[in-house]
Structure formats: structure tokens, C-alpha cells
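Coordinate analysis (summary)
Here is what each chain is made of, one letter per residue.
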Amino acid sequence: MKINAASFFNFCSQHVPLLRALAEKSGEMSESEVFDIIRAYTVPGEELPDNAWRRLCELQILVSAEPGSSFYLMAEPVSRLLRHEQDRAAGG
């Protein structure tokens with residue numbers, strides 16, 4: 001599925017702490033682990049965790065670890081992009 005770049009980058013810019021927290025989690029995450037992280041980084045009343053979850057999947061920021069699996073990984077291109085930006089911010 002083709003992802004709209006503007007939607008992708010708008011979501012990312014509005015969820016930087018969430019994306020950093022997800023990126024720091026190495027390996028597979030269960031859906032409940034992802035929801036725990038979402039709840040920790042969303043402001044109550046601003047966005048429902050279900051909406052953030054839906055967008056993370058729609059924008060292919062999180063992908064299924066295996067077809068049919070209930071475990072997720074941050075998509076490698078997204079992970080690389082976040083690492084690159086973190087390295088740039090650190091002056092590296």
C-alpha cells in the first residue's frame with residue numbers, strides 16, 4: 001500500500017516522543033506493549049490510543065513481525081530514519 005508522505009511526516013512530527021520510545025524498544029513488541037507505550041506518550045483528551053495505534057499501522061510505522069502474528073516491529077526504514085535524525089541532533 002502506498003503511504004501519503006505528507007500524512008506520514010505530519011504524524012511523525014506530532015508524535016516524536018512516542019516514536020522515540022517505540023524505536024528504543026528492541027525486537028518484537030506485543031500489541032499490549034505497544035498500547036502501554038502509546039498511553040504513556042499520548043495526552044489524554046487529545047488523541048485516543050486506538051487512533052494512534054491505527055495510524056501507526058496504516059502508515060506502516062509498525063509492521064507485523066510475521067504474517068498473522070500479534071507481535072510488531074518498527075519498520076526498518078522508519079527505524080533508520082529515526083536513528084539518522086538522532087545522530088544528526090547529537091552532532092554525529
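For the structure itself, consult the block above.
Residues numbered from 1 in each chain as written. Predicted model: local features only at pLDDT ≥ 70, side-chain atom pairs only at ≥ 80, totals over all residues. Heavy atoms only, no water.

**Topic: the overall build of the chain**
- Counting its secondary structure elements, the chain contains 5 helices and 3 strands.
- Along its sequence from the N terminus, the chain presents helices and strands in the succession α-α-β-α-α-β-β-α.
- Relative to its length of 92 residues, the chain is compact, with a C-alpha radius of gyration of 13 Å against a globular reference of 12 Å.
- Seen through its principal axes, the chain has C-alpha atoms that stretch 35 × 35 × 25 Å. (Helix = DSSP H or I, 4+ residues; strand = E, 2+ residues; numbered from the N terminus. Rg over C-alpha atoms; globule rule 2.2 N^0.38 Å.)

**Notes on helix α1 (residues 5–14)**
- Those residues of α1 not exposed but buried are Phe8, Phe11 and Cys12. Down the axis of α1, the buried side of the element spans an arc of 100 degrees, and every buried residue falls inside it. In this structure, α1 carries Ser13 and Gln14 as exposed residues pointing more than 90 degrees from its buried face.
- Structurally, α1 contributes buried residues whose contacts are with α2 (16–24), α4 (49–58) and α5 (76–89).
- For α1, the capping residue at the N-terminal end is Asn4, with a side-chain oxygen 2.9 Å from the backbone nitrogen of Ala6. (Buried < 20%, exposed > 50% of the residue type's maximum accessible area, 1.4 Å probe, protein only. Arc of directions from axis to C-beta. Contact = heavy atoms within 4.5 Å. Polar contact = N/O pair within 3.5 Å; in protein donor to acceptor, adjacent residues only side chain to side chain.)

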